[in-house]
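# An overview of the molecular structure
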Amino acid sequence: MPAQAYAGKECVCQFRKGICDQSCVQGMLDTPFYIACLKLTGRRCLVVGAGDIGLEKVDGLLACGGDVLVVAPEAHEAIRGYAQEGSVKWEQRAYQPGDLEGTFMVIAATDDSEINIKVYDDAERRAMLVNVVDVPPLCNFILPAIVRTGPLAIAISTAGASPALAKRMKREISEQFGEAYADLAILLNDVRGWAKGTLATYQDRKEFFESIVNGQPDPIELLRSGDVDGVRDLIAAAKQSTLSS
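Parameters at a glance
Residues numbered from 1 in each chain as written. Predicted model: local features only at pLDDT ≥ 70, side-chain atom pairs only at ≥ 80, totals over all residues. Heavy atoms only, no water. 1 Å grid on protein atoms, 1.4 Å probe; cavity = no way out; pocket = protein on both sides within 12 Å on 5 of 7 lines; lining within 4 Å. Points joined across faces, edges and corners; volume = space filled by probe spheres on them. Helix = DSSP H or I, 4+ residues; strand = E, 2+ residues; numbered from the N terminus. Nonpolar A, V, L, I, M, F, W, Y, C, P; charged D, E, K, R; others polar. Buried < 20%, exposed > 50% of the residue type's maximum accessible area, 1.4 Å probe, protein only. Pairing = 2+ DSSP bridges. Right-handed = clockwise from strand over helix to strand, strands pointing away. Phe/Tyr/Trp six-rings, centres within 6.5 Å; stacked < 30°, edge-to-face > 60°. Lys NZ or Arg CZ within 6 Å of the ring centre and 35° of its normal.

## Concerning the layout of surface pockets
The probe, sized like a water molecule, is rolled over the atoms to show the empty space still left. Each pocket or cavity is described by its volume, and for the largest pocket that value is around 1700 Å³. Lining the largest pocket are 50 residues, with Ile142, Leu143, Pro144, Ala145 and Ile146 sitting closest to its centre. Broken down by secondary-structure element, the contributors of at least two residues to the lining of the largest pocket are helix H1 (52–63), strand S4 (105–108), strand S5 (129–132), strand S6 (145–149), strand S7 (152–156) and helix H4 (163–176). The element best represented in the lining of the largest pocket is H1, accounting for 7 residues. Of the pockets and cavities examined, the second largest pocket occupies roughly 150 Å³. As for the second largest pocket, its lining consists of 16 residues, of which Gly49, Ala50, Ala72, Pro73 and Thr110 are closest to the centre. Taken together, the residues of the lining of the second largest pocket break down into 9 nonpolar, 3 polar and 4 charged.

Now the structure itself:
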C-alpha cells in the first residue's frame, strides 16, 4: 500500500474522508494501465515541491531531456545548484494554477495535501498528465521503476502494491539484462535502414531480425565475451541468407 494511503492515517486524497479507509485505492490492482514511453525532450515539465522526493523527480525528468520548472518556496541544495547552472528554472514561491499553462506534465511532491489536491484538480481540468507522489487517487499516470541501459528501458510496476517488490525486480532484471542487450539493440538499429530499404514487407523484416536475435551462435553470448565482430558476421550472414532465399 502506498505510504500516504493506508487505513487509519489522515486522508490525503481528494475525497477528504478525514481518516483514510483505503477506499480510494481499492481498484488499483484491477486497473489496466496503458504502458507508454514518453518523449520529454524540450517539453515543459513542472515539479511542485523541491525536497528530497522533488529532487528525485527532477533528476528523472532531466535524464530524459525535460525542460524542468520547479515551483516551491524552498528547495533542496541540489535543486538550487541546478537552477544556478541553468539546468532547471526554479520559481521560489507557492504554486499557482497559471504554472500549468504550456506544461506537458506535472508532478506534485509536497507534504501539503491541499496543495497536492489543487494541483491534481487544476491539471485534470486541463486534461494534463499529473502525478502526486505516493497518492494513487491523485494520479492519472504512475511512475514505474526503471532499468535503463543505453537505449534499453525496462519498466516495472506493481500498481503501487509493493514498491519493495518493484525494487527487487529492478535489481534482478538489471543483473539479467545488462550491457550486452543494449549493445545488441544498437547493432540492430544500425541495420534497420538496410532492412527497410531492402525487404518489402513487415513480415520479411520481422523474420530477418528474429533470425539474428535468435540466431546461432547466440549474439548475446558473443557480446558478453566481447566478440562484436562475431555479431556483425551474424548480421551479414542474415542479410545474405535473406537476399538469396
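## Structural notes on the pairing of S4
Regular strands place their side chains on alternate faces of the sheet. Taking every second residue as pointing to the same face, both faces of S4 are buried, with Met105 and Ile107 on one and Val106 and Ala108 on the other. Of the pairings in the sheet, the one linking strand S1 (residues 44–48) to S4 comprises 4 bridges and is parallel in character. Across the sheet, valine 47 pairs through a bridge with isoleucine 107, a residue of S4. The sheet contact formed by S4 and S5 spans 4 bridges and is parallel. Across the sheet, residue valine 106 finds its bridge partner in S5, namely valine 130. As a crossover connection, the stretch from S4 through helix H3 (residues 113–125) into S5 is right-handed.

## Considering the packing of aromatic side chains
The full count for this structure, using the stated rule, is 3 aromatic pairs. For the pair phenylalanine 208 and phenylalanine 209, a centre-to-centre distance of 5.1 Å together with 70° between the ring planes defines the contact as edge-to-face. An aromatic cluster is built from Trp194, Phe208 and Phe209, whose rings are joined through pairwise contacts. The side chain of arginine 43 reaches across the aromatic face of phenylalanine 104, ending 4.5 Å from its centre.

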